[in-house]
Amino acid sequence: MGSATHHTSRTGAGLAVALGAALSFGMSGAWARGLIDAGWTPGAAVTARIWVAALVLLVPAVLALRGRWGLLRRNAGMIVAYGLLAVTATQLCYFQAVAVMDVGIALLIEYTAPVAVVLWLWLRRGEQPTRRSILGAVVAFLGLVLMLDVLTGARVDVGGIFWALAAMVGAATYFVLSAREDTGLPPIVLAAAGLLLGGVGLTLAGIVGVLPMAWSFADVGYRFGTLPWFVPVLAIGVLATALAYVLGIASTRMLGSRLASFIALAEVVAALLFGWLLLGQLPAPVQLVGGVLVLAGVVIVKLGEPAAAAELVEPLPESAR
């Protein structure tokens with residue numbers, strides 16, 4: 001009984017942390033939109049976001065390592081994959097996609113990452129999804145279609161689709177790598193190392209001209225008034241990135257990559273909320289219906305994964321807590 005109670009408690013805590021991560025990630029778009037409207041390119045905004053987060057997490061990550069530098073050497077391959085695929089490639093490919101196609105279509109393709117995670121676990125580990133999981137995926141997907149309003153003549157670009165699919169692979173990689181508990185790396189260390197590599201990667205992409213870079217030091221306007229440029233930069237770096245990645249990695253280790261990736265769909269709901277709070281962008285009724293479907297899909301996936309209990313009950317190694 002005690003073990004079952006512990007497992008239930010861990011799952012509940014994981015759900016709360018995952019929703020916190022989705023809320024943190026979801027505010028990034030609204031803060032960034034203000035910067036972009038003020039003259040920043042998307043590439044400059046996301047590079048500043050990642051560098052701020054990496055620097056904020058650097059000292060806490062060093063303290064969390066407690067001198068165990070061997071952990072970085074043993075997990076060098078994973079850290080590089082996380083930094084270059086889960087961080088750099090995801091951001092870079094997404095902005096390449098939105099440069100040639102509608103944002104809604106690009107987001108919709110990237111947010112099929114949970115389906116890719118389920119497929120990967122099925123093919124790699126033989127963890128066949130249940131009927132409820134499949135139903136939940138379909139319901140969540142339909143909800144995203146409604147929320148992103150992509151049924152009203154959005155323009156589709158073949159090249160953009162491939163960029164968005166690449167971003168989807170990067171997002172799926174984020175969930176799969178974040179779920180690994182056998183590394184001994186504390187979540188904050190993996191987040192800091194990945195973001196540091198991501199910042200370097202995006203900076204190099206800007207230097208060689210792959211990612212356009214331009215910024216402005218003018219005040220940034222939001223629904224409630226104007227702010228100095230560094231306020232949204234710090235908000236997007238500290239709250240929407242540093243905090244978000246740490247919570248995201250911790251929750252994925254507690255819940256497993258499959259469930260955590262579906263709960264992350266709540267990020268779209270959070271993005272709509274912050275779009276209204278910061279930019280005054282009210283969602284249409286059909287988008288609200290879509291939000292309900294997204295949440296319903298997450299619940300269905302949760303109810304349909306009794307076979308995934310092993311992902312939920314394996315305790316964290318002492319070194320990873």
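Cut-offs used in this document
Residues numbered from 1 in each chain as written. Predicted model: local features only at pLDDT ≥ 70, side-chain atom pairs only at ≥ 80, totals over all residues. Heavy atoms only, no water. Helix = DSSP H or I, 4+ residues; strand = E, 2+ residues; numbered from the N terminus. Buried < 20%, exposed > 50% of the residue type's maximum accessible area, 1.4 Å probe, protein only. Contact = heavy atoms within 4.5 Å. Areas by Shrake-Rupley, 256 points an atom, 1.4 Å probe, with all protein chains shown as cover. Patch = residues over 30% accessible without salt bridge, like charges linked within 9 Å, V, L, I, M, F, W, Y side chains within 5 Å. Salt bridge = Lys/Arg side-chain N within 4 Å of Asp/Glu carboxyl O. Phe/Tyr/Trp six-rings, centres within 6.5 Å; stacked < 30°, edge-to-face > 60°. Polar contact = N/O pair within 3.5 Å; in protein donor to acceptor, adjacent residues only side chain to side chain. pLDDT = per-residue confidence, 0-100.

1. Describing the overall build of the protein chain
Consideration 1: A count of helical and extended segments in the protein chain gives 15 helices and two strands.
Consideration 2: Across the 321 residues of the protein chain, 52% fall into the buried class.
Consideration 3: Relative to all contacts within the protein chain whose residues are 6 or more apart in sequence, the contacts with residues 24 or more apart total 89%.
Consideration 4: Just so you have it, the protein chain exposes about 14,400 Å², and 72% of that area is on carbon and sulfur atoms.

2. What about a nonpolar patch on the surface?
Consideration 1: A surface patch of nonpolar side chains, about 660 Å² in accessible area, is lined by Leu-55, Leu-58, Val-59, Val-62, Leu-63, Trp-69 and Leu-196.
Consideration 2: Tallying contributions element by element places helix 3 (residues 42–65) first for the nonpolar patch, with five residues.
Consideration 3: Mapped onto the elements, Leu-63 comes out in helix 3.

3. Re the packing of aromatic side chains
Consideration 1: Under the definition given, this model contains six aromatic pairs.
Consideration 2: On the basis of an interplanar angle of 85° and a centroid distance of 6.0 Å, the ring pair of Trp-229 and Phe-230 is categorised as edge-to-face.
Consideration 3: Chaining the aromatic ring pairs together yields one cluster made of Trp-40, Phe-217, Trp-229 and Phe-230.

4. Let's talk about the environment of Arg-223
Consideration 1: By the element assignment, Arg-223 lies in the loop between strand 1 (220–222) and strand 2 (225–227).
Consideration 2: Not counting the four nearest positions on each side in its chain, Arg-223 is found in contact with Trp-276, Leu-277, Leu-278, Leu-279 and Gly-280.
Consideration 3: From its side chain, Arg-223 meets the backbone oxygen of Trp-276 in a polar contact 2.9 Å long.

5. Some points on the confidence of the model for the protein chain
Consideration 1: Per-residue pLDDT for the protein chain averages 78, and the proportion of residues at 70 or more is 85%.
Consideration 2: In the model, residues 306–321 has pLDDT below 50 throughout and makes 36 contacts with residues more than four positions away in sequence or in other chains.

6. A closer look at the side chain of Thr-88
Consideration 1: Its location among the elements puts Thr-88 in helix 5 (residues 76–98).
Consideration 2: By relative accessible area, which is 8% here, Thr-88 ends up buried.
Consideration 3: Of the polar contacts made by the side chain of Thr-88, one reaches the backbone oxygen of Gly-198; its length is 3.3 Å.
Consideration 4: Excluding residues that lie within four positions of it along the chain, Thr-88 makes contacts with Gly-83, Leu-197, Gly-198, Gly-201 and Leu-202.

7. Remarks on the pattern of salt bridges
Consideration 1: Tallied over the entire structure, the rule returns one salt bridge.
Consideration 2: For Arg-33, the salt bridge is made with Asp-37, and the minimal N-O distance between the two is 3.0 Å. A residue pair is termed a helical-turn pair when its members lie 3 or 4 positions apart in one helix, as Arg-33 and Asp-37 do in helix 2 (residues 28–37) at four residues.
Consideration 3: Its relative accessible area of 39% is what places Arg-33 among the partly exposed residues.
Consideration 4: When its relative accessible area of 54% is taken as the criterion, Asp-37 is described as exposed.

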